[in-house]
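Each chain, written out:
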Amino acid sequence: MGAAVQPDSGFMEKILFLAHTEPDGGLAQAALEALHGAKALCDELKGASLEAGLVGAQTQPAADTVGGIGVARVFVVTGGEFAAARYASDAVAAEAIARTTGATIVVAAATSRWNRVLPAVACRLGGRADAHVAGVQVRAGALTVSRWYYRQRMEARLSRAQRPWFLLLDPGGQPPWQGTPTPTNVEALTVPVPESCRRTQVTGIRAPATYTQTIRPDAELLFVAGAGWTKKQGDGQTHGADAERLILEFLRLSRASLGSSKSLVDLSGEGQTVLSFLSHLNQVGQTGSTPRHPKGLATCCHGEEPHTVGWRFVGQRRAINLDPNCGWARGKADVLYAADAFAVMARVNSLLGAGGR
Ligand SMILES: Cc1cc2nc3c(=O)[nH]c(=O)nc-3n(C[C@H](O)[C@H](O)[C@H](O)COP(=O)(O)OP(=O)(O)OC[C@H]3O[C@@H](n4cnc5c(N)ncnc54)[C@H](O)[C@@H]3O)c2cc1C
């Protein structure tokens, strides 16, 4: 099925928006963003058409949402077998939809579920896939996508002649589609569930309660804890239990996302009791994550380059450090409070607890 195209030879793209639905049959934020991206692409590419494909236990609410955008046809693979993320069933569903539509461009959200399935589906169809797409542009009638390399140090723009081309759009790069849902007729595809699915049965979902979930990508504020929380303080003692209580209390009151320096998560990884709720997933920096929060507050963290490089997409940066010559003071933060973070956070918590935010 796959083929190379000459984009400037009057060739018209057939765009397919592909989504897996939520338990209520609707679309998650990341899928709504991908829908917005697919619609924008269709509007920009001359002569392009837009269809939708939906996979899940329920699909009608999502179909009504995509119907509101004016897609030509909506294909669905519906049923309990397609409710949970499972490679074999997701792959056959996506493949059936892509083959039926004959899409040349498939736009989907770069969810963990699609990221592990759609590159293989592209392969089955003789096409290509690009995951973690940060943006989609049309220049002189030709489609290019942008994506990051080397931990977001280099941005590349690339185009491909091979079709179908699967584009997995990273969440956060597009505004979500916000139109009014419209009752929409769907075309149901019957997809036999492969025998291999019997080997993987989803018996339930175990997830941490939201209050123990400390990584919150949608949070307004990133709160970073550094190794200073575990160091001897002015009285010659460590105060790990106080640190843990102050940080957890602040997260509960502010709903901030918790980041960490490498030094601190390394300590936790060694089984030390201090800040037991931290793992390497919290680590921000060169060998950690590069989160995108509007604001950030670093506490008891020195602000060395391998750490602050992970702050490059944080809008407004503040830090609390006893040392007025710490790394944050050297152009890394907008505001540095030269102060004791234990005292500052105790005061902040009492103000937040008193009702203010
Ligand atoms: C190849 C490489 C990759 C790396 N990748 C990363 C990475 O991805 N992320 C990362 O974070 N690091 C990374 N590092 C490590 C980085 O260089 C630093 O060692 C680390 O960030 C230091 O962590 P810290 O600031 O928490 O600890 P420290 O350097 O120990 O600083 C603790 C700070 O706490 C302050 N403090 C102590 N008590 C208080 C108090 N009561 N109130 C206020 N302030 C207080 C101190 O003044 C001090 O500045 C990397 C290093 C290398 C070589």
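Residues numbered from 1 in each chain as written. Predicted model: local features only at pLDDT ≥ 70, side-chain atom pairs only at ≥ 80, totals over all residues.

## Points about the site of the ligand
Thinking step 1. Lining the immediate environment of the ligand, one finds 30 residues, of which Gly226, Gly228, Ser261, Lys262 and Gly285 sit closest.
Thinking step 2. Looking at the shell around the ligand, the elements that each hand over two or more residues are helix H7 (262-269), helix H8 (305-308), strand S15 (316-321) and helix H9 (341-353).
Thinking step 3. Here the shell around the ligand takes 3 residues from H7, the largest share from any one element.
Thinking step 4. Looking at the shell around the ligand residue by residue, the classes come out as 11 nonpolar, 14 polar and 5 charged. (Near = placed C-beta within 6 Å. Helix = DSSP H or I, 4+ residues; strand = E, 2+ residues; numbered from the N terminus. Nonpolar A, V, L, I, M, F, W, Y, C, P; charged D, E, K, R; others polar.)

## Structural notes on the pairing of strand S13 (residues 257-260)
Thinking step 1. Residues Ser257 and Gly259 of S13 are buried on one face, and the alternating residues Leu258 and Ser260, pointing to the opposite face, are buried as well.
Thinking step 2. With 4 bridges connecting them, strand S12 (residues 221-225) and S13 associate as parallel partners. Paired with leucine 222 across the two strands is serine 257, which belongs to S13.
Thinking step 3. As for the winding sense of the linkage, the β-α-β connection from S12 through helix H6 (residues 240-254) to S13 is right-handed. (Buried ≥ 20, exposed ≤ 12 C-beta atoms within 10 Å, placed from the backbone. Pairing = 2+ DSSP bridges. Right-handed = clockwise from strand over helix to strand, strands pointing away.)

## Structural notes on the nonpolar core
Nonpolar side chains in soluble globular proteins generally cluster together in the buried interior.
Thinking step 1. Core analysis: the biggest nonpolar cluster contains 58 residues, and Phe17, Ala34, Val107, Ala108 and Leu167 have the highest contact counts within it.
Thinking step 2. Ranked by the residues each element gives to this core, the list is headed by helix H1 (residues 29-44), at 8 residues.
Thinking step 3. Once residues within four sequence positions are removed from consideration, leucine 167 is found in contact with Ile105, Val106, Val107, Asp130, Val133, Val136 and Val145.
Thinking step 4. Counting 33 residues, the second-largest nonpolar core is a separate cluster that includes Leu222, Val224, Leu246 and Val284. (Core = buried A, V, L, I, M, F, W, Y, C linked by C-beta atoms within 7 Å. Contact = placed C-beta atoms within 7 Å.)

## Some points on the sheet that holds strand S6 (residues 128-139)
Thinking step 1. With mixed pairing, 9 strands are arranged side by side in an open sheet as S8-S7-S6-S10-S5-S2-S3-S4-S11. Strands at the two margins of the open sheet, each flanked by one partner only, are strand S8 (154-158) and strand S11 (187-188).
Thinking step 2. Relative to strand S10 (residues 165-169), strand S5 (residues 105-109) is paired through 5 bridges, and the arrangement is parallel. The residue bridging alanine 109 from the neighbouring strand is leucine 169, located in S10.
Thinking step 3. Against the sheet, H1 makes contact with strand S2 (14-20), strand S3 (49-56), S5, S6 and S10, and its axis sits at roughly 150 degrees relative to S5, the strand it touches most.
Thinking step 4. In this fold helix H2 (residues 60-67) packs onto S2, S3 and strand S4 (74-78), with an angle of close to 165 degrees to the strand it touches most, S4. (Axes fitted to C-alpha atoms, helices over the stretch in contact; angles between N-to-C directions.)

## Some details on the packing of H6 against H9
Thinking step 1. Where H6 contacts H9, the axes come no closer than 10 Å and their chain directions differ by 35 degrees. Crossing of H6 against H9: the hand is left-handed. Residues Asp242, Leu246, Glu249, Phe250, Leu253 and Ser254 of H6 lie in contact with H9, whose contacting residues are Phe342, Met345, Ala346, Val348, Asn349, Leu352 and Gly353.
Thinking step 2. Classifying every residue of the contact of H6 with H9 gives 8 nonpolar, 3 polar and 2 charged. (Left-handed = near helix turned anticlockwise from the far one by under 90°.)

## Some details on unusual backbone geometry
Thinking step 1. Omega for the peptide link from arginine 163 to proline 164 comes to 0 degrees, which places this bond in the cis form.
Thinking step 2. Residue position: proline 164 is located in the loop between strand S9 (162-163) and S10.
Thinking step 3. A positive phi angle is found at histidine 132, which is not glycine, with a value near 55 degrees.
Thinking step 4. Turning to its location among the elements, histidine 132 is positioned in strand S6.
Thinking step 5. According to the C-beta neighbour criterion, histidine 132 is partly exposed, with 14 such atoms within 10 Å.
Thinking step 6. The phi torsion at alanine 140 lies on the positive side, around 50 degrees, for a residue other than glycine.
Thinking step 7. Relative to the helices and strands, alanine 140 resides in the loop between S6 and strand S7 (142-149).

## Comments concerning the sheet that holds strand S14 (residues 295-299)
Thinking step 1. As summarised here, the arrangement of the 5 strands in space is S13-S12-S14-S15-S16, forming an open sheet in which the pairing is parallel. One side of each edge strand has no neighbouring strand; the edge strands of this open sheet are S13 and strand S16 (335-338). With direction set aside, neighbouring strand axes in the sheet form an average angle of 20 degrees.
Thinking step 2. As defined by bridge partners, S14 adjoins S15 across 5 bridges and the pair is classed as parallel. Within S15, the residue paired with glycine 296 across the bridge is arginine 317.

## Points about the domain arrangement of the protein chain
Thinking step 1. Domain annotation of the protein chain identifies domain 1 (3-199) and domain 2 (210-353).
Thinking step 2. Using C-alpha coordinates to define each centre, domain 1 is positioned 38 Å away from domain 2. (Domains from an automatic or database assignment.)

## Some details on H2
Thinking step 1. Along H2, the residues that are buried comprise Ala62, Ala63, Thr65, Val66 and Gly67.
Thinking step 2. Along its buried surface, H2 packs onto S2, H1, S3 and S4.

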